[in-house]
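Structural description and commentary
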Amino acid sequence: MTRGPLDVWVVDDDQSVRWVLEKALKQADMQTRSFERAEHLLEALGDGEPDVLITDVRMPGMSGIALLERLQGMRPDLPIIVITAHSDLENAVAAYKGGAFEYLPKPFDIDEAIELVHKAARLNGTEHDQEPPGSAMASMIGQAPAMQEVYRSIGRLSGSSMTVLITGESGTGKELVARALHEHSPRANKPFVALNTSAIASELLESELFGHEKGAFTGADARRIGRFEQADGGTLFLDEIGDMSPALQTRLLRVLAESEFYRVGGQVPIKVDVRVIAATNQDLARAVKESRFREDLYHRLNVIRINSPPLRQRRADIPLLLNHYLAEAAKELKTPAKAIDGGAIDMLRGYDWPGNCLLYTSDAADELT
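The rules behind the values
Residues numbered from 1 in each chain as written. Predicted model: local features only at pLDDT ≥ 70, side-chain atom pairs only at ≥ 80, totals over all residues. Heavy atoms only, no water. Pairing = 2+ DSSP bridges. Helix = DSSP H or I, 4+ residues; strand = E, 2+ residues; numbered from the N terminus. Axes fitted to C-alpha atoms, helices over the stretch in contact; angles between N-to-C directions. Contact = heavy atoms within 4.5 Å. Buried < 20%, exposed > 50% of the residue type's maximum accessible area, 1.4 Å probe, protein only. Parallel < 35°, antiparallel > 145°, perpendicular 65-115°, else oblique. Left-handed = near helix turned anticlockwise from the far one by under 90°. Nonpolar A, V, L, I, M, F, W, Y, C, P; charged D, E, K, R; others polar.

**Details of the sheet that holds strand S3 (residues 52–56)**
Pairing within the open sheet is parallel, and its five strands lie in the order S2-S1-S3-S4-S5. Single-partner strands in this sheet number two, and they are strand S2 (31–35) and strand S5 (102–105). Strand-to-strand, the axes of this sheet are offset by a mean angle of 20 degrees, without reference to chain direction. Of the strand pairs in this sheet, S3 and strand S4 (residues 80–84) are connected by four bridges, and their pairing is parallel. Bridge pairing in S4 places Leu53 opposite Ile80. On the sheet, helix H3 (residues 64–74) packs against S3 and S4 and is oriented at approximately 150 degrees with respect to S3.

Laid out in structure tokens, this is it:
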């Protein structure tokens, strides 16, 4: 059976965006129809249906997110690509939870958009979990392309409890990414427990993770519940996982494989249902080659990887971050928020940011008062 050209519909209140997409789609031998409002598209569905839909998020009348929700009931198999100039974590997660095939921030590369249309048509859409998002929102700020990749990854995983490995330099906000993954997962109403494994002495870390029974060792005057039990049903975030000792790596591998463990000094296995999110600033693949990290544990943790970008790779976000921290400082000090001039911003954009931190010191705070 011969298949005709792909039929792609576009909904966007910006005439220039509609024109660019129409021209590119036609050059790619696709048919296209364009609509200024979501309501107009819904009316047109009575006469036909596209192979792929491209929609903006913010439009007069019905928003793109509301359109997604409506189409989930009417055309659940229709692949939808969401484009938006207002690209943040909340919109990304809402788009994926609403059933979007892909989320594309403006300004987008037209070749990338055409390739996404082909990919969406080949796969004929995907199913997404329709659980409502968590009530909390991680404090993730950024519009740069590197941050958009992080948002998209969180959105794609919003219906999942898969193990995730977050990589990135110190100070890039890996725990914020982990919290966002938890808050937009089916475990959002269960505990999120964070532990920096490098901040605890290796001889104490086993008890910290798995707990201990009374009398298990000198000073163990009572039973102690470990972090795995505290996180039962929820998420356990293990930061700096690359510093874990070989013995504890072996125990962690067993928990991931069998979902059970023994407290230190315990005789009864304890079953838990915990999603593990690990983070590291090390090259674990190299650590495996150098026999510093178990290869089987590495593959268990590295099911899905998200890279948290350093600040020098997202310099466009520096004004957003500066304004956020200036507002936070002003709120804390109960003073009007200060502004920073363009020359200072340019200087800060040119800095290498080796620590990935925009902080204000007590001296800086004095300058704000």
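Back to the text.
**Observations concerning the environment of His182**
Secondary-structure assignment places His182 in helix H7 (residues 174–183). A residue is classified by how much of its surface remains accessible, and His182, at 4% relative accessible area, is buried. Sequence separation between His182 and Ile154 is 28 residues, and the spatial gap between their C-alpha atoms is 9.4 Å. Setting aside residues no more than four positions away along its own chain, His182 makes contact with Arg187, Ala188, Lys190, Pro191, Phe192, Gly234 and Thr235.

**Regarding the packing of helix H8 (residues 202–210) against helix H10 (residues 246–258)**
Where H8 contacts H10, the axes come no closer than 11 Å and their chain directions differ by 15 degrees. Between H8 and H10, the interaxial angle falls into the category roughly parallel. The interaxial crossing formed by H8 with H10 has left-handed handedness. Only Leu248, Arg251, Leu252 and Val255 of H10 make contact with H8, whose side of the interface consists of Ser202, Leu205, Glu206 and Phe210. Split into classes, the residues belonging to the contact of H8 with H10 amount to five nonpolar, one polar and two charged.

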